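# Results of the structural survey
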Amino acid sequence: MRLSRGLVPTLKETPAEAQITSHRLMLRAGLVRQTSAGIYAWLPLGYRVLRNIERIVREEQDAAGAQELLMPTIQPAELWRESGRYEDYGKEMLRIRDRHEREMLYGPTNEEMITDLMRQSVKSYRELPQILYHIQWKFRDEVRPRFGVMRGREFLMKDAYSFDLDYAGAVVSYRKMMLAYMRTFQRLGLKAIPMVADTGPIGGDLSHEFIILAPTGESQVYYNAAFEEIDYSSDAFSHASAEDLQRFFGLMTSQYAATDEKHDIDAWGKVAPDRRREGRGIEVGHIFYFGTKYSEPMGFRVAGPDGKPAAAEMGSYGIGVSRLVGAVIEASHDADGIVWPDSVAPFKAALLNLKRGDAACDAICEDVCARLGADHVLYDDRDERAGVKFADADLMGHPWQIVVGPRGAANGRVELKRRAGGQREELSVEDALARVG
């Protein structure tokens, strides 16, 4: 992609409404623009990041055996009345009427709809277990939307729902999703800690929120250093093995981890001082077992092995996909701008032509673009000063910068800069391309 032809409206000054780092940098780097309170348009660079995160989330859900579908954003109010949630949900729910005066709503979540779909289709225990998910835009009418995409009214979310015949099966599904989440966050370049969350009237201990570490996080968190040492992508744990999942869950729940709201001074004191970690954190996901909370009132029952009908045991599993864009920036930035992890960056490299019109510079740049491919390099071919190009490249945060100047170009060499850490090397074009990959 050529920057001279792209919609990448970078800003030198920070907009007054931006209160946190991610909001400031997303506006300044031209990732998003606000269209109304808490609602954002995703511009080309921001949308590329959003799709990269969505892809990783999808791949890990598929690997865990979840099936993707797509449910409507507009839901009939009668489903929510069946579950008893319609009147209880509050003003965050956008309630509407169609032209025939039927009561509808813009779905903030999908427990009722997925339960309705399952009760229409699944009749026997032989058709369970099932885990279904989709990645969909949702709307919650926050009274005070703020912090950019971190707390907007419209947001992209992955929500999954599990259905099992009994509690033992529901526990296995829950553990599968926990493993999928930890692998997802690791692939996104994030340190994530699962922390026990409130289960409300359901009770039990099957509710976890996932906190990623970021200096500007909203909560204070305390955890054992063991979480930083686990490679979740290893073959040590398999989604297909109940024993592996039990061992994994034991590892996740045996180490101390708590937000300031649940911090236990006595338990914390039992953690070796050199293993204690604390900092700020941002919630980016939540998994929750809720049993028959929806299947019972909505009449979703399946015939068990004995022929008797039983209400399906359910759980729900959410990841804030659009929220993760802001969270990654909160966790990975410096004074000059965003520092994207390789896995989610909009482009692998920014290509800076410091003297457009110079034959050698132009030739090398065209060669680099052709060999990396338009989908992997953002070519800054603008007629701008070198300082402007350097500043914008740092602001946008692509993992690599390939700098082409007339002196080096004359000798077939370029400068390669790693955005994370700022290391610079002068290399041949071949070596630079090999490094970028």
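Summary of the structure given here. (Residues numbered from 1 in each chain as written. Predicted model: local features only at pLDDT ≥ 70, side-chain atom pairs only at ≥ 80, totals over all residues. Heavy atoms only, no water.)

With that out of the way, let us pick up the sheet that holds strand S6 (residues 103–106). Spatially, three strands are ordered S4-S6-S5 in an open sheet, and the strand pairing comes out antiparallel. Strands with a single pairing partner mark the edges of an open sheet, and in this sheet they are strand S4 (74–76) and strand S5 (94–97). Pairs of neighbouring strands in the sheet enclose a mean axial angle of 35°, with direction left out of account. Here S5 pairs with S6 via four bridges, running antiparallel. Within the sheet, the bridge partner assigned to Ile-96 lies in S6 and is Met-104. (Pairing = 2+ DSSP bridges. Helix = DSSP H or I, 4+ residues; strand = E, 2+ residues; numbered from the N terminus. Axes fitted to C-alpha atoms, helices over the stretch in contact; angles between N-to-C directions.)

A separate point is the sheet that holds strand S20 (residues 377–380). Taken in spatial order, the five strands line up as S20-S19-S21-S22-S23 in an open sheet, and their pairing is mixed. One side of each edge strand has no neighbouring strand; the edge strands of this open sheet are S20 and strand S23 (424–428). Within this sheet the neighbouring strands show an average axis-to-axis angle of 25°, counted without direction. One ladder, built from four bridges, connects strand S21 (residues 400–404) with strand S22 (residues 413–418); its direction is antiparallel. Paired with Gln-401 across the strands is Lys-417, a residue of S22. Packing against the sheet, helix H10 (residues 386–396) makes contact with strand S19 (349–353), S20, S21 and S22, and its axis sits at approximately 175° to S19. (Contact = heavy atoms within 4.5 Å.)

With respect to the helices, strands and loops of the structure, Met-118 is situated in helix H4 (residues 111–121). Assessed through its relative accessible area of 6%, Met-118 is described here as buried. When near neighbours in sequence (up to four residues on either side) are disregarded, Met-118 contacts Leu-128, Gln-130, Leu-132, Phe-163 and Phe-300. (Buried < 20%, exposed > 50% of the residue type's maximum accessible area, 1.4 Å probe, protein only.)

Evaluation of the coordinates by the stated rule reveals 36 salt bridges. The salt bridge involving Arg-151 is made with Glu-218; its shortest N-O contact spans 3.9 Å. Remark: Glu-218 occurs in the loop between strand S10 (207–213) and strand S11 (219–224) and Arg-151 occurs in the loop between strand S7 (130–139) and strand S8 (154–164); sequence separation between them is 67 residues. Taking relative accessible area as the criterion, Arg-151 reaches 26% and is therefore assigned partly exposed. A relative accessible area of 38% places Glu-218 in the partly exposed class. Residue Arg-323 is joined to Glu-218 by a salt bridge in which the shortest nitrogen-to-oxygen separation is 2.9 Å. Here the residue Arg-323 occupies a position in helix H8 (residues 321–331), and Glu-218 occupies one in the loop between S10 and S11, the gap between them amounting to 105 residues. In the salt-bridge network here, residues are joined through shared partners; they are Arg-81, Glu-87, Arg-97, Glu-101 and Glu-103. (Salt bridge = Lys/Arg side-chain N within 4 Å of Asp/Glu carboxyl O.)

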